[in-house]
Amino acid sequence: MQSKDFSELVQARYSVRDFRPDPIPADVLAEILDDARHAPSWSNTRPYLLAVASGDRTDRLRAAYLARFDESLELRHRERGAFLRAWLRRTLPDGDFPTWKRYPDELRKRSVKVGVGLYQQLGIVRGDRDGRDAHARRNLAFFGAPTVAFLLVHEDLLPFSAHDGGLMLQTLMLSATAHGVGSCAMGELATWRSPLETEFDLDPKYKLVTGLALGYPSDAPVNQFRAEHLPVPQAPTR
Ligand SMILES: Cc1cc2nc3c(=O)[nH]c(=O)nc-3n(C[C@H](O)[C@H](O)[C@H](O)COP(=O)(O)O)c2cc1C
């Protein structure tokens, strides 16, 4: 393989935010997962689990996540009394880690930049709360993807298990790209764990860090959006 082929593959991957409903053939999905097993991990422990859903299971998960989103909308809007009402209804986010954290200031500007670019692409203007909510809701519909996966990492090996899980996920996403399958890592899905528990028999030691949507990209304009990829941040020398 030529190094330029690898560079092309890496640059061809992008976060797909609108999928066609066509299922990924089982043999294609199996090949992608087979490539992912070649990812390195600390002491070869592979301290993670991947929960993969396709077909009806994806649709049930989609419905469950959408219901969680709808229940949480007033919390997102920071409406008065929303926390208490959610607590009483037992609909507070039940993810293993908080996902609605404010980013540190020096990182927040990068996140704002990609958000602004994405909203511009979607035609969502400043102050259009309904437009933002509608896009946020599409996350919980897995952007229409026919397959969704969830990465869980062993709690006793954190942070290294999360690191190793990330290496595996990128290997999986690159293989998906090589197979013509689009992907979008979806941290938003880690806001809730309970929908997963109804579909998978999960060891409680494994903690949910992110979801991953997989499928064939549609030709929706949102898929034209490309995030900026600046040089890898490097530590200054003394
Ligand atoms: C762990 C992780 C979680 C992410 N969660 C989301 C998400 O919930 N929704 C979303 O639209 N994009 C999500 N992304 C995609 C990032 O926004 C995207 O990778 C970044 O902006 C760079 O763009 P690119 O993937 O198109 O190169 C996530 C990416 C990662 C690695």
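Everything below is about the structure printed above this text.
Here the structure is a predicted model, which is why all the values come from computation and not from measurement.

Engineer: Quick question: what am I supposed to make of the site of the ligand here?
Structural biologist: Ser 15, Arg 17, Asn 139, Gly 187 and His 229 are the nearest of the 15 residues found near the ligand. Within the side chain of Arg 17, an N or O atom sits 2.7 Å from an oxygen atom of the ligand. A distance of 3.1 Å separates a nitrogen atom of the ligand from a polar atom in the backbone of Ala 185. Protein chains bury 66% of the 620 Å² of accessible surface belonging to the ligand in isolation. A per-element tally of the shell around the ligand places strand E3 (residues 182-186) first, with 3 residues.

Engineer: Quick question: what am I supposed to make of the packing of helix H3 (residues 55-76) against helix H6 (residues 129-140) here?
Structural biologist: Helix-helix packing: each pair is described by the crossing angle between the helix axes and the interaxial distance. Relative to each other, H3 and H6 sit at 145 degrees, their axes nearing to 8 Å. Handedness of the crossing formed by H3 with H6: right-handed. Touching Arg 62, Tyr 65, Leu 66, Phe 69, Asp 70, Leu 73 and Arg 76 of H3 are Asp 133, Ala 136, Arg 137 and Leu 140, all from H6. Residue composition of the contact of H3 with H6, grouped by class: 6 nonpolar, no polar and 5 charged.

Cut-offs and rules
Residues numbered from 1 in each chain as written. Predicted model: local features only at pLDDT ≥ 70, side-chain atom pairs only at ≥ 80, totals over all residues. Heavy atoms only, no water. Near = heavy atom within 4 Å. Polar contact = N/O pair within 3.5 Å; in protein donor to acceptor, adjacent residues only side chain to side chain. Areas by Shrake-Rupley, 256 points an atom, 1.4 Å probe, with all protein chains shown as cover. Helix = DSSP H or I, 4+ residues; strand = E, 2+ residues; numbered from the N terminus. Axes fitted to C-alpha atoms, helices over the stretch in contact; angles between N-to-C directions. Left-handed = near helix turned anticlockwise from the far one by under 90°. Contact = heavy atoms within 4.5 Å. Nonpolar A, V, L, I, M, F, W, Y, C, P; charged D, E, K, R; others polar.

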